Amino acid sequence: MFGIFKTKNPIEKFWNWFSENEKNLRYFESNPDKYLNQILTKGKSIESGLAFELEPPTDGIINMTISADGVKELFPLVEEIVSNSPKINGWNFIAFRQRMPQDQVKGMILKSENHELNPSEMKFFPMLEGNNLDIIIYIKGVTEENYNQAAYGGLLLLDNILGEYDCVTKVRSYDFHNMPTTEQELNELKPLLELAEHVDKVKK
């Protein structure tokens, strides 16, 4: 008897809510925390690990990025959410954080709690084992005490440099080390701004 009542799946419920509220959400810049928290709260009904990001409108279009926050197991879910997104004038729904142009990355400074990450001052060292690429990222001032916050900020930065999808699928692992001080060690490292080009070349 009760089988005649069909329960909407969480993705459908999320997009129904979004469609009903999108006119208010357009004004997210007036109170970004309020509106992003609304979206995040509704998004958690699908999966708690999802992240949502809104960009200020360009030519009347607001980009909303739905991210797995670097968790590979959630990639298929993100793709399913975006593939089921409604067509709404003035909105563009994007799966995963996208790669930023190098000139924009060059001007970025990312703050992770008390640690400041400047990609123009950071370096990397690639290690290739068969088809597996591992990357060591070098940041000034990394210690055992602040490693976790530096690593978290570093991974967010890498999402912007490589794009979230490539960041997770093209590199097997990342580690974060303090910047060396000797000229010999520094000469063995590459500027972080060249990371995307290097990964693309290795994974061509």
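Up top you'll find the structure we're talking about.
Given the structure is predicted, the values throughout are model-derived calculations rather than measurements.

Novice: Go over the sheet that holds strand β2 (residues 62-67) with me, naming the residues and quoting the values.
Specialist: The sheet built from 3 strands is open, its strands ordered β1-β2-β3 with mixed pairing. Each edge of the open sheet is held by one strand with a lone partner, namely β1 (51-54) and β3 (91-95). If you compare each strand with its neighbour and ignore which way they point, the axes differ by 20° on average. As judged from the 5 bridges shared by β2 and β3, these two strands associate in the parallel manner. For N63, the partnering residue across the bridge sits in β3 and is N92. Helix α2 (residues 32-43) rests against β1 and β2 of the sheet, and its axis sits at about 150° to β1.

Novice: Talk me through helix α8 (residues 195-202); I want residue IDs and the actual numbers.
Specialist: Listed in full, the buried residues belonging to α8 are L195, A196, H198 and V199. The arc enclosing the buried residues of α8, seen along the axis, measures out at 165°, which places them on a common side. More than 90 degrees from the buried face of α8, the exposed residues found are E197 and K201. Looking at the buried side of α8, the elements it contacts are β6 (123-129), β7 (132-139), α5 (147-162) and β9 (190-191).

What counts, and at which threshold
- Residues numbered from 1 in each chain as written.
- Predicted model: local features only at pLDDT ≥ 70, side-chain atom pairs only at ≥ 80, totals over all residues.
- Heavy atoms only, no water.
- Pairing = 2+ DSSP bridges.
- Helix = DSSP H or I, 4+ residues; strand = E, 2+ residues; numbered from the N terminus.
- Axes fitted to C-alpha atoms, helices over the stretch in contact; angles between N-to-C directions.
- Contact = heavy atoms within 4.5 Å.
- Buried < 20%, exposed > 50% of the residue type's maximum accessible area, 1.4 Å probe, protein only.
- Arc of directions from axis to C-beta.

Fair warning: the whole summary comes from geometry, so function is off the table for now.
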